[in-house]
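# Breakdown of the fold
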Amino acid sequence: MASTDKVSPRDRLLDAAARLSYRDGVSVGIEALCREAGISKRSMYQLFDSKDAMLAASLERRGPWYDAQLAHPDPEAATPRERILYVFERLARASLDADYHGCPYLAVLVELKNPEHPASVVARTVKERLAATFRAEAERGGARDPGLLARQLVLVFDGASARAGAGVERLDDGLATTTATALLDAAGME
């Protein structure tokens, strides 16, 4: 693992923004972010025009990691149904982490409420990418209405993620996966 002094101030700030905004919400203060990153406010403003831009950059930087967490480990061998269900199995496993607070992108959209905020734009793009993935898999699997099925799957994913993140639902009993399976069956997915 790289030592802290080898990590750029920009990367330390983006990492701090990811950690603190996920744990405490997007309203986390600049002072706390800078303290966590070990940089001055002046340095932060030299790197980013605003806290909003920094938060958007942090979310964008995390996007490939997030996508990779939901991607089936052997996509070539898996069927479309298996690739979709893997997303829900992965959600169930992630929700067991004591530090799980739900989908970070959904949280940003809910907290900010401003669709024009730079972080909301990034978060919406990531969520749209998940919906597009579900739709593409639904098409490959022969679903009768791939667009509708994708919307339903995102609704289940986001609802399960939010409820588990809020600590009002446990997903270790397979509820999200079972619900997704029922939707796949009803849509005629192979």
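All of the points below concern the structure found in this document.

Calculation notes
- Residues numbered from 1 in each chain as written.
- Predicted model: local features only at pLDDT ≥ 70, side-chain atom pairs only at ≥ 80, totals over all residues.
- Heavy atoms only, no water.
- Core = buried A, V, L, I, M, F, W, Y, C linked by side-chain atoms within 4.5 Å.
- Buried < 20%, exposed > 50% of the residue type's maximum accessible area, 1.4 Å probe, protein only.
- Helix = DSSP H or I, 4+ residues; strand = E, 2+ residues; numbered from the N terminus.
- Contact = heavy atoms within 4.5 Å.
- Salt bridge = Lys/Arg side-chain N within 4 Å of Asp/Glu carboxyl O.

Moving on: the nonpolar core. Within soluble globular proteins, side chains that are nonpolar tend to cluster in buried spots. With 41 residues, the main nonpolar core has Phe88, Phe134, Leu149, Leu153 and Phe157 as its most contacted residues. Broken down by secondary-structure element, the contributors of at least two residues to this core are helix H4 (51–70), helix H5 (80–94), helix H6 (104–112), helix H7 (118–140), helix H8 (146–165) and helix H9 (175–186). For this core, the leading source of residues is H8, giving eight residues. Those residues in contact with Phe88, other than ones at most four positions away along the chain, are Phe134, Leu153, Val156, Phe157, Ala176, Thr177 and Ala180. Counting 15 residues, the second-largest nonpolar core is a separate cluster that includes Leu14, Ala16, Ile39 and Phe48.

When H6 is considered as a whole, its buried residues turn out to be Pro104, Tyr105, Leu106 and Val108. Elements in contact with the buried residues of H6: helix H1 (9–24), H4, H7 and H8. One or two residues past the end of H6 sits Lys113, with phi positive at roughly 60°.

Moving on to the pattern of salt bridges. Scanning the entire structure with this criterion turns up 13 salt bridges. In this structure, the salt-bridge partner of Lys41 is Glu31, at a minimum N-O distance of 3.3 Å. Remark: Glu31 occurs in helix H2 (residues 30–37) and Lys41 occurs in helix H3 (residues 41–47); sequence separation between them is 10 residues. By relative accessible area, which is 40% here, Lys41 ends up partly exposed. For Glu31, a relative accessible area of 44% puts it in the partly exposed group.

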